[in-house]
Amino acid sequence: MDTTHRGGPESAAERRRRELLEAADRVVLRDGPGASMNAIAAEAGITKPILYRHFGDKGGLYRALAERHTDALLSALRSALDAPAGRRERVEATLDTYLAAIEARPQVYRFLMHPSEESGQTAAHGEGAGGPERGFDVGRHSAPVLRRMGEELARVIAERIDLGPGGAALSRVWGHGIVGMMHAAGDWWLGERPCTRAQLVRALADLLWGRLESVPDREGQGF
């Protein structure tokens, strides 16, 4: 097992935090948006107050899990964007990487992006850490995940292709627009499966391709 952290040895506190997040992941894979602090504490073999001590509250644990999974997804998307292939192939590979990730772990995706009915009922009744607790009210936390992905893609676009005057602002429009499209289309597709993943990738790439095909690369770069 890797015991390094940010280039150095992993401290006992960091190792414990990682172990708790791994326990939370196991519960999320089983329960999806219905994952609860009670279930996560039980999985980790600790009491719920100890879990709160590490993460502050449900929102703190959610943010830690969101960062963990977003880091992994962004790393995979960067690899797709950096692949030695033509621009169209890299666009399709990037779209496919996102869709493959949510398809492979749908419960994790639903936990990150969809509040559970139980958590909504809990919030409606004003029940906090001391009252009955079942799910995570994640609806208010999912937007930062999408914003982070949008900003990352905007940075890549700005670095690699020449959008001319106003390119910095336009790259952010494109970055957030593409992420919004992937999220909305992927959410719909995951629920209904109206076509294969490959068919969805081609359709979304066709939608993006008109302008992406015509803009030039920055010197020494490539998208």
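Residues numbered from 1 in each chain as written. Predicted model: local features only at pLDDT ≥ 70, side-chain atom pairs only at ≥ 80, totals over all residues. Heavy atoms only, no water.

**Quick word on the packing of aromatic side chains**
Put simply, the test is: Note on aromatic pairs: the rings of Phe, Tyr and Trp (six-membered ring only in Trp) are paired at centre separations within 6.5 Å, and the planes decide the class, stacked below 30 degrees, edge-to-face beyond 60, tilted for the rest. Here a strand is any run of E in DSSP of at least two residues, a helix any run of H or I of at least four, and the numbering for each starts at the N terminus. Each residue's exposure class comes from its accessible area (1.4 Å probe, protein chains only) as a fraction of the maximum for that residue type: buried when under 20%, exposed when over 50%, partly exposed otherwise. Throughout this description, the term charge over a ring refers to an Arg CZ or Lys NZ atom that lies within 6 Å of the ring centre and within 35 degrees of the ring normal.
Summed over the entire model, instances satisfying the criterion amount to 1 aromatic pair. Geometrically, the ring pair formed by Tyr-62 and Phe-111 is tilted, given 5.5 Å between the ring centres and 45° between the ring planes. Linking Tyr-62 in helix H4 (residues 58–81) with Phe-111 in helix H6 (residues 106–113), this pair joins segments that are 49 residues apart in sequence. On the accessibility criterion, Tyr-62 (1% relative accessible area) is buried. By relative accessible area, which is 1% here, Phe-111 ends up buried. The ring of Trp-189 is capped by Arg-193, whose NZ or CZ atom sits 4.5 Å from the centre of that ring.

**Here we look at the packing of H6 against helix H9 (residues 167–192)**
The packing of two helices is summarised by the inter-axis angle and the distance between the axes. To be explicit about the condition: Lines are fitted to the C-alpha atoms to define the axes, a helix being fitted only along its stretch in contact, and any angle between axes, read from their N-to-C directions, falls within 0 to 180 degrees. Here the word oblique covers every angle except those under 35 degrees (roughly parallel), over 145 (roughly antiparallel) and from 65 to 115 (roughly perpendicular). Crossings are sorted by hand: turned counterclockwise from the far helix by less than a right angle, the near helix makes the crossing left-handed, and turned clockwise it makes it right-handed. Every residue pair with non-hydrogen atoms within 4.5 Å of one another is taken to be in contact. All residues other than Ala, Val, Leu, Ile, Met, Phe, Trp, Tyr, Cys, Pro, Asp, Glu, Lys and Arg, Gly among them, are scored as polar; the first ten of these are nonpolar and the last four charged.
Contact geometry of H6 with H9 gives a least axis separation of 12 Å together with a crossing angle of 125°. Compared by their axis directions, H6 and H9 come out oblique. Taken as a pair, H6 and H9 cross one another with a handedness that is left-handed. Between H6 and H9, the contacting residues are Pro-106, Tyr-109, Arg-110 and Met-113 on the first element and His-183, Asp-187 and Leu-190 on the second. Its residues assigned to classes, the contact of H6 with H9 shows 4 nonpolar, 1 polar and 2 charged.

**Observations concerning the nonpolar core**
Filter applied, for reference: To form a nonpolar core, buried Ala, Val, Leu, Ile, Met, Phe, Trp, Tyr and Cys residues must be joined to one another through side-chain atoms within 4.5 Å.
Judged by nonpolar contacts, the single largest core of 56 residues is most densely connected at Leu-51, Leu-61, Leu-95, Tyr-98 and Met-149. In terms of residue count, the dominant contributor to this core is H4 (9 residues).

**Overview of unusual backbone geometry**
Residue Arg-193 is not a glycine yet carries a positive backbone phi of 50°. By the element assignment, Arg-193 lies in the loop between H9 and helix H10 (197–214). Judged by relative accessible area, Arg-193 falls into the partly exposed class, the value being 41%.

**Topic: H4**
The cut-off we apply is this: Expected span, for any helix, means 1.5 Å times one less than how many residues it has. By the criterion applied in these results, polar contacts are pairs of N or O atoms within 3.5 Å in which, for protein atoms, one can donate a hydrogen and the other can accept it, and in which residues neighboring in sequence qualify only through two side-chain atoms.
Helix length check: H4, at 24 residues, gives a terminal C-alpha distance of 34 Å against a target of 34 Å (1.5 Å per residue), a fit within 8%. Near the N-terminus of H4, the side chain that reaches the backbone nitrogen of Gly-59, with its oxygen 3.1 Å away, is that of Asp-57.

**Describing the environment of Ile-102**
Looking at the secondary structure, you find Ile-102 in helix H5 (residues 87–104). As for Ile-102 and His-183, which are separated by 81 residues in sequence, their C-alpha atoms are 9.8 Å apart. What Ile-102 contacts, discounting residues up to four positions off in sequence, is Tyr-109, Gly-186 and Leu-190.

**Considerations on the pattern of salt bridges**
Stated precisely, the cut-off is as follows: Salt bridges are defined as contacts in which a side-chain nitrogen from Lys or Arg sits within 4 Å of a carboxyl oxygen from Asp or Glu.
Inspection of the entire model under this criterion finds 17 salt bridges. Between Arg-68 and Asp-25 there is a salt bridge, and its shortest N-O distance comes to 2.8 Å. In this pair, Arg-68 is assigned in helix H4 and Asp-25 in helix H1 (residues 12–31), connecting sequence segments 43 residues apart. Each of Arg-26, Arg-30, Asp-31 and Glu-43 takes part in salt bridges that share partners, so that together they form one network.

**What to know about the packing of H1 against helix H2 (residues 37–44)**
Two elements in contact, H1 and H2, have axes separated by 9 Å at closest approach and are oriented at 125°. One finds that H1 runs oblique with respect to H2. Note that H1 runs across H2; the crossing there is right-handed. Taken together, the residues of H2 that come into contact with H1 (itself represented by Arg-16, Leu-20, Ala-23, Ala-24, Arg-26, Val-27, Arg-30 and Asp-31) are Ala-39, Ile-40, Glu-43 and Ala-44. Classifying every residue of the contact of H1 with H2 gives 7 nonpolar, no polar and 5 charged.

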